[in-house]
Amino acid sequence: MRRSILMVPALLVLGALTVSCGGSDDDASGGSGGIARVDGSALITVITADDAKVLDPHTTSDGGNAKVIRQIYETLIRVNADDVALLEPALATEWSTADDGLSMRFTLREGVTFHDGAAFDANAAKLSLDRVRTDGFELSAAPYASEFAQVAGFDADGMTLTMRLKAPVARVALRNLSMFCASIVSPRVLEATRDLEPGAATAYVTQNAAGTGPFRKDSFDQAAKVTRLVAFEDYWNGAPEVKTVIFKSVADESTRTEYLTKSAGHILVDDVPRQNWDATEKSASMTLHSWWALNVCYLGVSATHEATQEPAVRRAIQLAISREAIIEHYEGTARPTYGLVAQPMAEYDPTLRVEGWSDDLAERQATAARLIEEAGAKGREVRIYFPHQPRPYLPRPQDIADTVRQQLKAIGLDARIQGEDKNVLFPGVVTGKYELILIGWMTDNGDPDNFYGPLADGADGKPGANNTSRTINPEVHDRLLAARQIDAADERVTAYRAIERLLQNEVHGYVPLVNTKQAVAYSKTIKGFVIDGFGQYRFDEATLE
Amino acid sequence: MNNFVKWLLTFLRHHRPAFVGTVLVSAVVATAVFGPSLLAHAPDDVFARFAPRSPEHRLGTDSQGYDILARLVHGARTTLAISLAAMSMSLLLGTLLGAVAGFAGGFADMFIMRLVDVAMSFPGFLLAMVTVAILGAELENVIVAVGLVGAPMFARQVRAEVLRVVAADYVMAARSLGLAAPRVLLAHVIPNSLGPIIVLGTLGMGSAILDVAGLNFLGLGGDPFRIPEWGLILTQGWNKRPDANLQVAVAGLAIFVTVLGFNLLGDGLKDELDPRTRRR
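Residues numbered from 1 in each chain as written. Chains lettered and ligands numbered in written order. Predicted model: local features only at pLDDT ≥ 70, side-chain atom pairs only at ≥ 80, totals over all residues. Heavy atoms only, no water.

### A closer look at the confidence of the model for chain A
Chain-level pLDDT for chain A is 88 on average; 92% of the residues reach the 70-or-more range. This stretch, residues 1-38 of chain A, has a pLDDT under 50; its non-local contacts, to residues over four places away or in other chains, come to 52 contacts. (pLDDT = per-residue confidence, 0-100. Contact = heavy atoms within 4.5 Å.)

### Here's the deal with empty space enclosed by the protein
All names here are of chain A. Taken as a whole and judged by the stated rule, the model has five cavities of 30 Å³ or more. The volume enclosed by the largest cavity comes to roughly 230 Å³. Taken together, 18 residues form the lining of the largest cavity, with Arg70, Tyr73, Glu74, Arg78 and Arg538 sitting closest to its centre. Elements with a minimum of two residues in the lining of the largest cavity: helix H4 (63-72), strand S2 (77-79) and strand S23 (537-538). In terms of residue class, the lining of the largest cavity is made up of eight nonpolar, four polar and six charged. (1 Å grid on protein atoms, 1.4 Å probe; cavity = no way out; pocket = protein on both sides within 12 Å on 5 of 7 lines; lining within 4 Å. Points joined across faces, edges and corners; volume = space filled by probe spheres on them. Helix = DSSP H or I, 4+ residues; strand = E, 2+ residues; numbered from the N terminus. Nonpolar A, V, L, I, M, F, W, Y, C, P; charged D, E, K, R; others polar.)

### Comments concerning a negative patch on the surface
Together, Glu324, Asp359, Asp360 and Glu363 of chain A line one region of the surface with negative charge. Classification of glutamate 324 of chain A as partly exposed rests on a relative accessible area of 43%. (Patch = residues over 30% accessible without salt bridge, like charges linked within 9 Å, V, L, I, M, F, W, Y side chains within 5 Å. Areas by Shrake-Rupley, 256 points an atom, 1.4 Å probe, with all protein chains shown as cover. Salt bridge = Lys/Arg side-chain N within 4 Å of Asp/Glu carboxyl O. Lys, Arg positive; Asp, Glu negative; His and termini not counted. Charge placed at Lys NZ, Arg CZ, Asp CG, Glu CD. Buried < 20%, exposed > 50% of the residue type's maximum accessible area, 1.4 Å probe, protein only.)

### Details of the sheet that holds strand S7 (residues 160-165) of chain A
Residue and element names in this part refer to chain A. Read from one edge to the other, the open sheet built from four strands follows the order S4-S5-S7-S6, with strand pairing classed as antiparallel. A strand with exactly one partner marks an edge of an open sheet, and here the two such strands are strand S4 (92-97) and strand S6 (151-157). Across this sheet, the average inter-strand angle for adjacent strands is 20°, counted without regard to direction. The pairing of strand S5 (residues 103-108) with S7 spans five bridges and is classified as antiparallel. Following the sheet pairing, phenylalanine 106 is matched in S7 by leucine 161. Each of S5, S6 and S7 is contacted by helix H5 (residues 122-132), which is oriented at about 160° to S6, the strand it contacts most. (Pairing = 2+ DSSP bridges. Axes fitted to C-alpha atoms, helices over the stretch in contact; angles between N-to-C directions.)

### Focus on the layout of surface pockets
Residue and element names in this part refer to chain B. Considering only enclosed or pocket space, the second largest pocket measures out at about 580 Å³ in volume. Around the second largest pocket, the lining comprises 30 residues; the ones closest to its centre are Leu148, Val149, Gly150, Ala151 and Pro152. Among the secondary structure elements, those contributing two or more residues to the lining of the second largest pocket are helix H3 (68-104), helix H4 (106-120), helix H5 (124-135), helix H6 (139-166) and helix H9 (194-217). Element by element, the count of residues in the lining of the second largest pocket is highest for H6, at eight residues. Of the residues contributing to the lining of the second largest pocket, the split by class is 22 nonpolar, six polar and two charged.

### Examining the pairing of strand S8 (residues 215-221) of chain A
Residues and elements named next belong to chain A. Alignment of S8 against strand S9 (residues 226-231), held across six bridges, turns out to be antiparallel. Bridge assignment links phenylalanine 220 to a residue of S9, and that residue is threonine 227. Two successive antiparallel strands, S8 and S9, enclose a turn made up of four residues, where lysine 225 displays a positive phi of approximately 60°.

### Some remarks on the pattern of salt bridges
A side chain of one charge can pair with a side chain of the opposite charge when the charged atoms of the two come close. All names here are of chain A. Using the criterion set out here, one finds 35 salt bridges over all chains in the structure. With a shortest N-O distance of 3.3 Å, aspartate 50 and arginine 391 are connected by a salt bridge. Of this pair, aspartate 50 sits in the loop between strand S1 (43-48) and H4 while arginine 391 sits in the loop between strand S15 (381-387) and helix H14 (397-410), and the two are 341 residues apart along the sequence. Residue classification places aspartate 50 among the partly exposed residues on the basis of a relative accessible area of 24%.

### Notes on the environment of arginine 216 of chain A
Residues and elements named next belong to chain A. Turning to its location among the elements, arginine 216 is positioned in strand S8. For the pair arginine 216 and histidine 115, spaced 101 residues apart in sequence, the C-alpha to C-alpha distance is 6.5 Å. In contact with arginine 216, not counting residues within four places along its chain, are His115, Arg228, Leu229, Val230, Ala231 and Phe232.

### Brief notes about helix H8 (residues 198-207) of chain A
All names here are of chain A. Along H8, the positions that sit buried rather than exposed are Pro198, Ala201, Thr202, Val205 and Thr206. In a view along the axis of H8, the buried residues occupy a sector of 135°, so they form one face of it. Those residues of H8 that are buried lie in contact with H5, helix H7 (187-192) and S8. (Arc of directions from axis to C-beta.)

Right, here's the structure in full:
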């Protein structure tokens with residue numbers, strides 16, 4: 001029975017154990033032979049929260065994978081790093097839209113080769129873009145296939161690629177080509193996957209990752225969560241000066257924090273824990289770069305779940321939430337938001353408030369409590385689902401869920417919170433079992449359609465996999481179709497703001513909560529690298545001191 | 001009764017560690033029983049977040065604006081209740097299995113004891129974690145898991161005790177009088193095996209509290225805000241701001257003191273009730 005006494009200090013240091021578990025990651029990478037022989041002067045280590053598991057751009061939507069995929073592969077066009085409203089050439093040097101708006105022609109860059117030696121041409125581009133749309137390929141997952149549903153097909157002719165569209169939606173279609181999922185993979189690799197099972201094909205592409213990007217895959221150690229990339233000497237824009245980039249995942253927040261104070265080497269820490277921002281800003285060795293991310297954190301409210309099926313109940317929930325209480329959990333790095341589209345974007349309507357709004361929380365909650373009472377929902381049990389793992393838009397999921405619960409309790413609902421693993425929670429949205437879910441969205445392409453399409457619409461009359469309201473409003477659906485065809489900026493703003501109003505006052509399917517800042521800390525010795533508005537890095541022109 | 005009080009006083013006077021244990025356990029039990037009615041705030045009243053210590057909030061407030069003292073005191077109640085429930089489950093299940101095994105012998109004995117051996121070959125806490133993972137991360141399942149994991153220890157001890165008692169003359173007498181087996185078991189065997197069970201139960205409280213708090217600390221207890229429990233209070237204050245460390249410290253201290261109390265008391269009782277180590 002002595003065991004019990006021994007376990008007392010054991011519990012007290014349980015937390016310390018968690019920390020040291022994270023620390024052992026460190027040893028794993030330091031001890032691996034591959035890293036020892038690297039020339040330390042031209043090496044950047046990127047510390048990330050999420051690890052990379054899949055390097056097949058067409059089959060993943062995970063942010064941890066995207067960061068590495070962006071180094072290895074390139075897209076035809078890309079979003080300007082300083083202004084997400086602008087597009088710039090990448091593998092395509094110029095493009096034009098036909099007069100009827102139903103086709104687009106891309107002139108491709110000459111003299112580009114893949115890491116495996118294959119030459120880049122229109123056929124190579126077509127192969128990858130067909131694969132994203134699952135045209136001629138069977139994939140283990142195709143999270144972005146629906147984004148390309150309006151594309152009729154691609155035609156390749158030498159160095160010219162033509163994209164045929166089913167409707168004049170050139171604006172959205174062009175934007176989609178800048179997303180990491182539209183990365184061009186070496187045709188040699190893709191041809192080799194044709195005879196493989198979908199799962200094996202993804203593994204093959206990951207194993208033999210070959211793109212046209214400035215860095216090529218050297219080693220990929222899933223157990224140690226370390227990906228090692230080396231400079232591609234034949235890169236079309238000249239060989240990068242940085243010779244090695246290592247992506248290393250450190251899930252534990254306090255261990256990740258330790259890297260902020262390590263002065264040795266050239267380090268970049270992705271997703272800096274919010275309580276460390278102030279200290280990092282004052283640091284002599286690290287620079288903190290923060291920006292308002294193109295994201296939204298929101299409370300999804302199901303219109304079909306029996307606990308929230310009455311519009312009055314959903315409206316009461318919209319009124320009950322105090323965003324001011326929620327942003328307190330973000331250590332000053334978030335602001336209240338009142339629309340689904342990311343607040344930094346022009347389509348965000350700063351004046352919009354849901355019907356019956358009052359700036360006085362008590363008054364608003366009184367209105368909400370009356371709505372609940374009238375709907376006969378007083379004391380009803382509702383569950384707020386949330387992911388266990390912190391997300392960039394949701395740093396302390398459990399605490400924030402509890403704050404939302406406090407507010408729903410104040411209007412007479414018996415609210416409970418229920419955490420789930422993100423890999424179980426997010427795929428579960430499609431089943432419609434969550435009445436309330438604390439979730440967020442970050443755009444991959446900077447177009448408003450990339451919010452309203454996935455989050456409030458669907459295809460063939462069925463709500464999409466990310467539509468947490470589990471309903472499609474026919475008028476919203478029609479307006480979204482029409483909005484995709486608008487090119488003029490001011491008309492587009494008007495159209496999307498009208499859609500937002502409809503969604504909030506007719507559907508009541510979500511409560512926008514906050515827009516957050518995102519931050520990256522990097523050694524002051526790293527110069528000239530680029531962080532775009534989506535938090536993706538470009539090291540091709542970086543230099544080290 | 002008078003005899004018991006006399007025995008108890010003598011015991012405590014001669015056994016200092018047990019005396020300290022009794023004082024600690026009594027203090028925690030008193031807090032659990034009377035504490036909540038003396039508090040100014042309910043554990044789910046919401047105030048400003050991270051409020052410092054003040055006459056209003058003796059230990060400040062946590063990241064959600066809950067009064068830490070209120071949650072800690074209510075936590076005494078839930079922690080003791082949950083651990084008691086888990087320990088009782090271990091005790092009942094273990095006693096039943098052990099008694100049946102020892103009394104019936106033969107195949108039943110072998111079957112039950114091999115099962116116990118298998119269960120005890122796993123680290124207890126790990127087995128509890130797996131059980132909760134299978135049942136689902138809820139406080140109710142933590143009780144079940146800790147209760148199940150604790151049972152084999154009781155089974156083994158009770159079986160040994162029953163084997164000793166069964167050979168005693170009074171049991172032989174009862175049997176030869178033709179009493180039915182369950183009657184012999186319940187009326188003669190188990191009551192005479194109670195001493196070690198009481199010791200094991202007291203020590204079991206200590207490990208149950210630790211296991212429950214540990215599982216909750218690891219996030220297997222489900223919603224940490226619904227019911228205040230020490231392990232949950234500890235995990236909830238963990239890794240927050242530096243000024244939230246007080247919350248972690250007091251919750252950890254509460255667990256420490258309570259487990260220490262039960263263990264000291266249990267060890268004392270063991271010394272007292274075990275014929276081999278009894279004071280002469």
